[in-house]
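This is what each chain is made of:
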Amino acid sequence: MRLSALACISISLAAAGAKAGAIAPEPTRVAALQMEASLAKKPDVYLLLDPERRVLEIKARGAVLDTVPLAGIEVISQQPIMGRRLPSHPPIPAIWTVEQGAGDSDREIIAPTKLVPEPKNDDDDTEDEPTTSAGPTPTPTPTPVTPSSYRSRLDNGWDLWVTDELPPQTRWQTLLAAVRDGWRRLHGRAQNHIPAITLAMTDADAQRIHHLLCTGMPILVADEM
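Rules used throughout
Residues numbered from 1 in each chain as written. Predicted model: local features only at pLDDT ≥ 70, side-chain atom pairs only at ≥ 80, totals over all residues. Heavy atoms only, no water. Helix = DSSP H or I, 4+ residues; strand = E, 2+ residues; numbered from the N terminus. Buried < 20%, exposed > 50% of the residue type's maximum accessible area, 1.4 Å probe, protein only. Contact = heavy atoms within 4.5 Å. Expected span 1.5 Å × (residues − 1). Arc of directions from axis to C-beta. pLDDT = per-residue confidence, 0-100. Salt bridge = Lys/Arg side-chain N within 4 Å of Asp/Glu carboxyl O. Core = buried A, V, L, I, M, F, W, Y, C linked by side-chain atoms within 4.5 Å.

Novice: What am I meant to see in the environment of Pro 195 here?
Specialist: Counting through the fold element by element, Pro 195 comes out in the loop between α4 (171–186) and β9 (196–200). Accessibility expressed as a relative area gives 27% for Pro 195, which makes it partly exposed. In this structure, the C-alpha to C-alpha distance between Pro 195 and Asp 159, residues 36 residues apart in sequence, is 6.3 Å. Ignoring any residue separated from it by four or fewer positions in sequence, one finds Pro 195 in contact with Ile 76, Ser 77, Trp 158 and Asp 159.

Written out as structure tokens, the structure is:
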């Protein structure tokens, strides 16, 4: 059996969008402003990802409601060690829409498993009712813990990966990650992920914005604004 190890490689999204002299051309800036104007016309919340300032802004009607600082922004791709190449970055500025969100589960409504009629207030009627023995005490449903690392599928075919730190970047760390991945594949425990725009942030911030990354959420990615 041939061991097919994958290595995790990345390119900087900010560097990919940067132009000569670190100055965005006027058409790019105008395009980004026009995109945000189209989002600001509606009262809905949208996200603005700014690779240059390393922030994720929560906005509505053009106003900033909250700002999440990012420790890093990278385009991450898993590829075989042999013949691997850097992934091509998605064009920016652009509006990405969450197609399958990690926060969709936050909106699920749990229906009751049994309908119980309300007790009657008439004392005479209650006396005629037969007494029933008390059943076992129901076990409370544990509150699900909001994850601090998760992926959401975007309409551009990529994933948006929120995590606490970026994957290994040095050559030695990449080699170790590839060896571990190779052993997982050998034992049938490998995970294949499509390329992902990875946002590194604190666990608290990742949990705080989890409900926002739901299906239909627009994300404006700006080069420089």
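Still more ground to cover, so stick around.
Novice: Just to check I follow, could you spell out helix α2 (residues 26–40) for this structure?
Specialist: Think of an α-helix as turning once every 3.6 residues; residues three or four places apart then point the same way. Taking 1.5 Å of rise per residue, 15 residues should cover 21 Å, and α2 covers 21 Å from first to last C-alpha, within 8% of that figure. Residues of α2 that are buried include every one of Thr 28, Ala 32, Glu 36, Leu 39 and Ala 40, and no others. Along the axis of α2, the buried residues cluster in a sector spanning 110°; they form a single face. For α2, exposure combined with an orientation more than 90 degrees from the buried face picks out Glu 26, Pro 27 and Gln 34. Looking at the buried residues of α2, the elements they touch are β2 (45–50), β3 (55–60), β6 (94–100) and β10 (218–221).

Novice: Would you explain the confidence of the model for the chain in this entry?
Specialist: Segments scoring low in pLDDT should not have their predicted coordinates read at a detailed level. Per-residue confidence for the chain gives a mean pLDDT of 75, with 56% of residues at or over 70. Every residue in residues 1–10 scores below 50 in pLDDT, and together they form 45 contacts with partners more than four places removed in sequence or on other chains.

Novice: Mind showing me how you'd approach unusual backbone geometry here?
Specialist: Glycine aside, negative phi is the norm for most residues, and most peptide bonds take the trans geometry. A cis amide bond, omega 5°, links Ile 92 with the succeeding residue Pro 93. With respect to the helices and strands, Pro 93 occurs in the loop between β5 (72–80) and β6. Located in the positive-phi region is Arg 54, a residue other than glycine, with phi close to 55°. Following the sequence through the fold, Arg 54 ends up in the loop between β2 and β3. Despite not being glycine, Arg 61 shows a phi value in the positive range, around 55°. By secondary structure assignment, the location of Arg 61 is in the loop between β3 and β4 (63–69). What makes Arg 61 exposed here is its relative accessible area of 52%.

Novice: Just checking my understanding: could you explain the pattern of salt bridges for this structure?
Specialist: Oppositely charged side chains can form a pair if their charged atoms are brought close together. The tally for this structure, following the rule as stated, stands at seven salt bridges. Its salt-bridge partner being Arg 53, residue Glu 57 comes within 2.9 Å of it at the nearest N-O pair. Members of the salt-bridge network, linked through shared partners, are Asp 50, Arg 53 and Glu 57.

Novice: Before we go on, may I ask you to explain the nonpolar core in this structure?
Specialist: If you look at soluble globular proteins, the nonpolar side chains tend to sit buried side by side. Among the nonpolar cores identified, the biggest contains 28 residues, and Leu 49, Trp 96, Leu 199 and Ile 219 are the most heavily contacted of them. The element best represented in this core is β6, accounting for three residues. Membership of the second largest hydrophobic core comes to five residues, among which are Leu 39, Tyr 46, Leu 48 and Leu 220.

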